[in-house]
There are 2 protein chains.
Amino acid sequence: MNNHFYVVIMAGGIGSRFWPYSRNNRPKQFLDVLGVGASLLQLTFRRFRNICPIENIYIVTSEAYENAVLEQIPEIFKDQVLLEPTRRNTAPCIAYASYKIRQKDPDAIMVVTPADHAIIKESEFIEVLKHGLQYAQDREILITLGIHPDRPETGYGYIQFHFDSENAIKKVKTFTEKPELELAKKFIESGDFVWNAGIFIWNVRTIIKAFEKHLPELAELFENITGDLNSEKEKKAIQKVYSVIKIISIDYGIMEKADNVFVILTDVGWSDLGSWASLHDIKEKDKNNNVIEANALAYESGNSIVIGPKGKLIVIEGLDGYLVADCDDVLLICKKDNEARIRAYVKDVRNKKGDKYI
Amino acid sequence: MNNHFYVVIMAGGIGSRFWPYSRNNRPKQFLDVLGVGASLLQLTFRRFRNICPIENIYIVTSEAYENAVLEQIPEIFKDQVLLEPTRRNTAPCIAYASYKIRQKDPDAIMVVTPADHAIIKESEFIEVLKHGLQYAQDREILITLGIHPDRPETGYGYIQFHFDSENAIKKVKTFTEKPELELAKKFIESGDFVWNAGIFIWNVRTIIKAFEKHLPELAELFENITGDLNSEKEKKAIQKVYSVIKIISIDYGIMEKADNVFVILTDVGWSDLGSWASLHDIKEKDKNNNVIEANALAYESGNSIVIGPKGKLIVIEGLDGYLVADCDDVLLICKKDNEARIRAYVKDVRNKKGDKYI
């Protein structure tokens, strides 16, 4: 195992799209969404344990979730949990980890990954990442993982690549976030588009160069506190940086602008688990295409998801394409495929009933 | 107040039609179905307190519900609660009460009433009953309460009466249980049909004569233990009787056969609360005709009932004519108007999941 390999797991999301299964105090990454006896964060951690030494794994999260992370991942030490004082999207999160790792090891090569995605073909995934890490070690490139698409999904970002080599690592041409269905269909037909998994590989010098070039203000903030990182001054320094830092994603801030971006093409059974519909896709179904994660009886119902607590009996009749989520003090019954609607309901609940149900 | 007036409240039903709101250990009569801060039994008791001395009110129930009755009606003594060892429908229940009351007071005049119905116009109801009691005192007649129907309800029994006097108490021609819709419509049009409320008035000599004539075996069983009633031997004697007694309703066993049956016509806003649909009829609705008895937000939903526990938030979308009943360890989501279906689900739950959810 290469001691310069590092993994950064981003685990700060609130995952409001699985509301009410996920809640502010219990976001998606901490839940056993796949019903396998381990949370998504735990699955992610276990997956990456095979890639680098355990002490080279960092988890970035919000202060509010520090205890949840340490409880779920007892294998790591407290200083491997990077706490963001406020949520500022992925660019600051990745910058924090990158500057901290560089301070420790200027020769580091890093994988950056979300904590809340699903990977079906684990061993292939590991092989791809190891290949990427080796490839990125001495090259000044930013690599992103591209998943071979099997449907014109409109909820994902797409990466268009150049057909110019036999190598599975190709130069990126364009990024497109969440296309309309017609466009997504064209992407699929064209054959040179893959889904953007939001998983990145690079050596630390290269990503910091990219920050300096494309997000110079942000780079300067972290450059100024580099001496404080990995010391007892880190917390205070980070609080200062985050009090002025701008909200920006790594995709928008760097990946879509840089000209040294490459994509590793792969097919590892990936899902961002970003919606109830994606959960339905990935889970085992009964003969009427229902996903039943409850003690339930379903009559004349199909294409639905039923989630309920242990011990509770749920009886449904006449629901097609519905979500029934009975989670603690919230019961949501709605059409499962309209994510925008569900987000609107969450917003309405917040306005009318207060934060306690969110 | 006439000391010979008695009231018998039948409170032994299990009310499985409101499942899962009603459960075996918590039948309908013990629930605050109307949301007024009192159970149906309590409402019934309070209503009849105005008709006779409190010590003349008897409540017949199952042994399993003795404590529930005494807790809900602290005004009565234990010997006013008649305990049936097994459920044998209304004829044995009424016979038990009748023979017991006769043993105490041969001049008694009785009202017999279910514990789990709703009466909207209370004071009119009381007046009607007082009139009926006075009328039945010296007449050898069986009186039943007939409710002026306002719709062709197929879930009720109908009483056809003779148009032969100006008196509000008319001789009964026929009984018809739960007619088909077409027939129910004809009944309404004809003008000489009323709903059978299952509330009866008679003097105790007359009902016992009717038992002797139409159900002689049953009459003999109770005649034989008359000496034991109102003594410490009562419990044992009743257990013996109930071990051999046949299941039969007062309607089928006596009312439909006797030729001295009269009906008091009235319009007191009555509902037998026998179905979720009848509950929907009687309750306050929101602008989309939903009955919401929960902390709920309803989107694009109408003609539905939502029942949930305090503190729980229920969000529904796209449900028309549904019942959502979140009650303890059972959640039922189904179309609200098909009672036969709901009964089938209850049966299926019993078969597949066991009695504990019933």
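Attention in this report is confined to the structure presented alongside it. Note that this is a predicted model, so its numbers are computed, not measured. (Residues numbered from 1 in each chain as written. Chains lettered and ligands numbered in written order. Predicted model: local features only at pLDDT ≥ 70, side-chain atom pairs only at ≥ 80, totals over all residues. Heavy atoms only, no water.)

Here's the deal with the overall build of chain A
- Scanning chain A from terminus to terminus reveals 11 helices and 17 strands.
- Computed over C-alpha atoms, the radius of gyration of chain A comes to 21 Å, within 12% of the 21 Å expected from 2.2 N^0.38 for 358 residues, which places it in the range of a compact globule.
- Within chain A, the proportion of its 358 residues that are buried is 58%.
- Sequence-distant contacts in chain A: of pairs separated by 6 or more residues, those separated by 24 or more amount to 66%.
- In the structure as shown, chain A presents an accessible area of about 15,200 Å², 48% of it carried by carbon and sulfur atoms.
- Each charge class in chain A was averaged separately, 46 positive and 51 negative side chains, and the resulting centres sit 4 Å apart. (Helix = DSSP H or I, 4+ residues; strand = E, 2+ residues; numbered from the N terminus. Rg over C-alpha atoms; globule rule 2.2 N^0.38 Å. Buried < 20%, exposed > 50% of the residue type's maximum accessible area, 1.4 Å probe, protein only. Contact = heavy atoms within 4.5 Å. Areas by Shrake-Rupley, 256 points an atom, 1.4 Å probe, with all protein chains shown as cover. Lys, Arg positive; Asp, Glu negative; His and termini not counted. Charge placed at Lys NZ, Arg CZ, Asp CG, Glu CD.)

Points about the relation of the copies chain A and chain B
- Of the transformation placing chain A onto chain B, the axial shift is 0.0 Å and the rotation is 180°, giving an RMSD of 0.0 Å. Accordingly, the operation relating the two chain copies is best matched by a two-fold axis.
- Here 100% of the contact residues of chain A are again contact residues in chain B; the copies associate through an equivalent surface. (Least-squares fit on C-alpha atoms with pLDDT ≥ 70 in both.)

Brief notes about the interface of chain A and chain B
- Contact with chain A, which involves 33 residues of that partner, is made by 33 residues of chain B.
- Approximately 3,000 Å² of surface area, both sides summed, lies buried where chain A meets chain B, with 53% of it carried by carbon and sulfur atoms.
- Viewed at the interface, chain B and chain A are joined by six salt bridges.
- Of the charged contacts in the structure, one is a salt bridge between Asp-326 of chain B and Lys-312 of chain A, with a shortest N-O distance of 2.5 Å. (Buried area = accessible area lost by both parts, 1.4 Å probe. Salt bridge = Lys/Arg side-chain N within 4 Å of Asp/Glu carboxyl O.)

Let's talk about helix α11 (residues 339–353) of chain B
- Given a rise of 1.5 Å per residue, 15 residues ought to cover 21 Å, and the 20 Å separating the end C-alpha atoms of α11 of chain B matches this to within 8%.
- What α11 of chain B keeps buried is the set Glu-339, Ile-342, Tyr-345, Val-346, Asp-348 and Val-349 of chain B.
- Along its buried surface, α11 of chain B packs onto β13 (295–299) and β15 (313–317) of chain A together with α10 (276–282) and β17 (330–335) of chain B.
- Note on α11 of chain B: the residue one or two positions beyond its end, Gly-354 of chain B, has a positive phi of about 95°. (Expected span 1.5 Å × (residues − 1).)

Considering helix α7 (residues 216–224) of chain B
Residues and elements named next belong to chain B.
- Residues of α7 that are buried include every one of Leu-218, Ala-219 and Phe-222, and no others. In an axial view of α7, the angular spread of the buried residues amounts to 100°, which keeps them on one side of the axis. Those residues of α7 that are exposed and angled more than 90 degrees off the buried face are Glu-217, Glu-220 and Asn-224. (Arc of directions from axis to C-beta.)

Considerations on the pattern of salt bridges
Residues and elements named next belong to chain A.
- Evaluation of the coordinates by the stated rule reveals 46 salt bridges over all chains.
- Among the ionic pairs, Asp-150 bridges to Arg-151, the shortest N-O distance being 3.1 Å.
- Among the residues examined, Asp-150 registers a relative accessible area of 59% and is labelled exposed.
- By relative accessible area, which is 26% here, Arg-151 ends up partly exposed.
- Put simply, Asp-348 and Lys-352 hold a salt bridge, and the shortest N to O gap is 3.0 Å.

Here's the deal with the pairing of strand β1 (residues 5–10) of chain A
Residue and element names in this part refer to chain A.
- Most of β1 is tucked away: six of the six residues are buried.
- Neither face of β1 is exposed, since Phe-5, Val-7 and Ile-9 on one face and Tyr-6, Val-8 and Met-10 on the opposite face are all buried.
- In the sheet, β1 pairs with strand β4 (residues 109–114) via six bridges, with the strands oriented parallel. In the sheet register, Tyr-6 faces β4, and the bridge partner there is Met-110.
- Note: β1 against strand β2 (residues 57–62), four bridges, orientation parallel. Within β2, the position partnered with Val-7 by the bridge is Ile-57. (Pairing = 2+ DSSP bridges.)

Remarks on the packing of aromatic side chains
- This structure, assessed with the given rule, holds 32 aromatic pairs over all chains.
- Both rings, one in Phe-48 of chain B and one in Phe-125 of chain B, keep their centres 5.8 Å apart while their planes meet at 80°; by these two values the pair is edge-to-face. One end of the pair, Phe-48 of chain B, is in helix α1 (residues 40–48); the other, Phe-125 of chain B, is in helix α4 (residues 122–137), and 77 residues separate them in sequence.
- Relative accessible area serves as the criterion here: at 0%, Phe-48 of chain B is assigned to the buried category.
- Of the residues examined, Phe-125 of chain B reaches a relative accessible area of 1% and is grouped as buried.
- Aromatic pair Tyr-99 of chain B and Phe-222 of chain B: ring centres 5.6 Å apart, planes at 20°, arrangement stacked. Of this pair, Tyr-99 of chain B sits in helix α3 (residues 90–104) while Phe-222 of chain B is found in helix α7, placing the two residues 123 residues apart along the sequence. Grouping residues by exposure puts Tyr-99 of chain B and Phe-222 of chain B together as buried.
- Pairwise contacts between aromatic rings join Tyr-96, Tyr-99, Phe-222 and Tyr-242 of chain A into one cluster.
- Sitting above the plane of the Phe-125 of chain A ring, Arg-47 of chain A keeps its charged end 5.9 Å from the centroid.
- Sitting over the face of the ring of Tyr-135 of chain A, Arg-139 of chain A holds its NZ or CZ atom 3.7 Å from the ring centroid. (Phe/Tyr/Trp six-rings, centres within 6.5 Å; stacked < 30°, edge-to-face > 60°. Lys NZ or Arg CZ within 6 Å of the ring centre and 35° of its normal.)

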